[in-house]
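Below, each chain spelled out in residue letters.
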Amino acid sequence: MNRIKILSRHLSSSSSSTQKKPVILILGAGRGIGGNVANLFAANGYHAVLCRRSDQSTLDTQVSNIKQNGGDASGFLLDATSENAIEDLINTVEKDIGEIDVAVYNLGAQIGTRSLEDTSLQTFELGWKMGCQGLFRLAKSICPLMEARRKGTLLVTSATSAVRGNAGQHSHAAAMGGRRMLCQTLNAEYAPRNIHVSHIVVDGAVDAPDTLGKMLGDNFESYKTFKGEDGLLEPSSIAETYWHLHSQHRSAWTFEIDLRSYTDNAWFNSPVNMGKKF
């Protein structure tokens, strides 16, 4: 179990009460989309299991904040590209916390804009592992459990690259395009078995310090100013869509939805990026 660092002190003191709650497992629970989804589901009676690759201190704070607001949460540090890491995590959660009712795959696969010449095989493969293989491993482990319980929700965060490939995005577009197709095949197989699979295309920049903030560094605040009020997707508002998707009646399930700020052009109305810098 050395692939997963369990923050055991974050487990609720009453295991019996925790096990009565449905569990939402979030792979990629930073301070953007994943963390806000955890907050919202915890506020609505779920035990939120937050998983992120690094930064134990921030993970500690995220879990503590949920508890201070009356919710239940646990935190795990997880390298999702490591062999058996996802599979071991699911076994641990099902055994020690409770049945996973909702799984969220929110891992990014962006490795930056790189020409084909500058994209190594190792870099391309890493993007694929995070973008596509990790989702396959999650589904391979969780869907049979959900099928046995005859219910479940799998929510998958995606990006513009899933539907349009731009210059310099060889790794990301291939990974996210594969993610989208995998969601389609999972939906085709498991929707009739009462498992809701939904592919969420985030078609714009998200106001997230752990992703966009790190990418832009000192330029993050100036970029937010440039985009204007509500010009970036707000993670707490995105989380409301995840809750809505999970709560949908199965006679009207949404498979794919795309989200963007009101100021952004949709991907299908935007000029194709031929590698020019913004």
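Conventions and cut-offs
Residues numbered from 1 in each chain as written. Predicted model: local features only at pLDDT ≥ 70, side-chain atom pairs only at ≥ 80, totals over all residues. Heavy atoms only, no water. Helix = DSSP H or I, 4+ residues; strand = E, 2+ residues; numbered from the N terminus. Expected span 1.5 Å × (residues − 1). Bend = angle between axes of the 7 residues up to and from the residue. Phe/Tyr/Trp six-rings, centres within 6.5 Å; stacked < 30°, edge-to-face > 60°. Salt bridge = Lys/Arg side-chain N within 4 Å of Asp/Glu carboxyl O. Buried < 20%, exposed > 50% of the residue type's maximum accessible area, 1.4 Å probe, protein only. Disulfide = S-S within 2.5 Å. Axes fitted to C-alpha atoms, helices over the stretch in contact; angles between N-to-C directions. Parallel < 35°, antiparallel > 145°, perpendicular 65-115°, else oblique. Left-handed = near helix turned anticlockwise from the far one by under 90°. Contact = heavy atoms within 4.5 Å. Nonpolar A, V, L, I, M, F, W, Y, C, P; charged D, E, K, R; others polar.

Visitor: Help me understand helix α5 (residues 121–149), please; the structure alone is not making it clear to me.
Guide: Three- or four-residue spacings in an α-helix give side chains the same orientation, since the helix completes a turn every 3.6 residues. With 29 residues, α5 extends 40 Å between its outermost C-alpha atoms, agreeing within 8% with the 42 Å of an ideal straight helix rising 1.5 Å per residue. Of all bends in α5, the biggest is about 45°, found at Lys 129. Of the residues one or two after α5, Arg 150 is the one with positive phi, at around 65°.

Visitor: Whenever I open this one, the packing of aromatic side chains confuses me. Can you help?
Guide: Overall, the coordinates contain 3 aromatic pairs when judged by the stated rule. Relative to Tyr 46, the ring of Phe 41 has its centre 5.3 Å away and its plane inclined at 80°; by these criteria the two rings are edge-to-face. Note on Tyr 46 and Trp 243: the rings are 6.2 Å apart at their centroids and 90° apart in plane angle, and the pair reads as edge-to-face. One end of the pair, Tyr 46, is in the loop between α2 (33–43) and β3 (47–52); the other, Trp 243, is in helix α9 (residues 235–247), and 197 residues separate them in sequence.

Visitor: Would you mind showing me how to read the pattern of salt bridges here?
Guide: Opposite charge on two side chains permits pairing when their charged atoms draw close. Here the structure, examined in full by the defined rule, presents 14 salt bridges. Among the ionic pairs, Asp 101 bridges to Lys 151, the shortest N-O distance being 2.9 Å. Residue Asp 101 is found in strand β5 (residues 100–105), and its partner Lys 151 is found in the loop between α5 and β6 (152–159); the two are separated by 50 residues along the sequence. For Asp 101, a relative accessible area of 10% corresponds to the buried category. With a relative accessible area of 42%, Lys 151 lands in the partly exposed category. Here Asp 203 and Arg 260 are joined by a salt bridge, their closest N and O atoms 2.9 Å apart. With Asp 203 in the loop between β7 (195–202) and α7 (212–216) and Arg 260 in the segment after β8 (256–259), this residue pair connects regions lying 57 residues apart in the sequence. Each member of the salt-bridge network shares a partner with another, and the members are Glu 94, Glu 99 and Arg 149.

Visitor: So what exactly am I meant to see when it comes to the state of the cysteines here?
Guide: Two cysteines whose sulfur atoms are joined by a covalent bond form what is called a disulfide. Within this structure, the stated rule accounts for 0 disulfides. Sulfur of Cys 183: no disulfide; nearest cysteine sulfur belongs to Cys 132 and is 8.9 Å away.

Visitor: Hey, could you run me through the packing of α5 against helix α6 (residues 170–190) in this one?
Guide: Packed helices, taken two at a time, are described by the angle their axes make and the gap between the axes. The geometry of α5 relative to α6 is characterised by a closest axis approach of 7 Å and an angle of 15° between their N-to-C directions. By the angle between their axes, α5 is roughly parallel relative to α6. Here α5 and α6 pass one another in a crossing that is right-handed. Between α5 and α6, the contacting residues are Thr 123, Phe 124, Gly 127, Trp 128, Met 130, Gly 131, Cys 132, Leu 135, Phe 136, Ala 139, Cys 143 and Glu 147 on the first element and His 170, Ser 171, Ala 174, Ala 175, Gly 178, Arg 179, Leu 182, Cys 183, Leu 186 and Tyr 190 on the second. Class assignment for the residues of the contact of α5 with α6 results in 14 nonpolar, 6 polar and 2 charged.

Keep in mind these values describe shape, not function.
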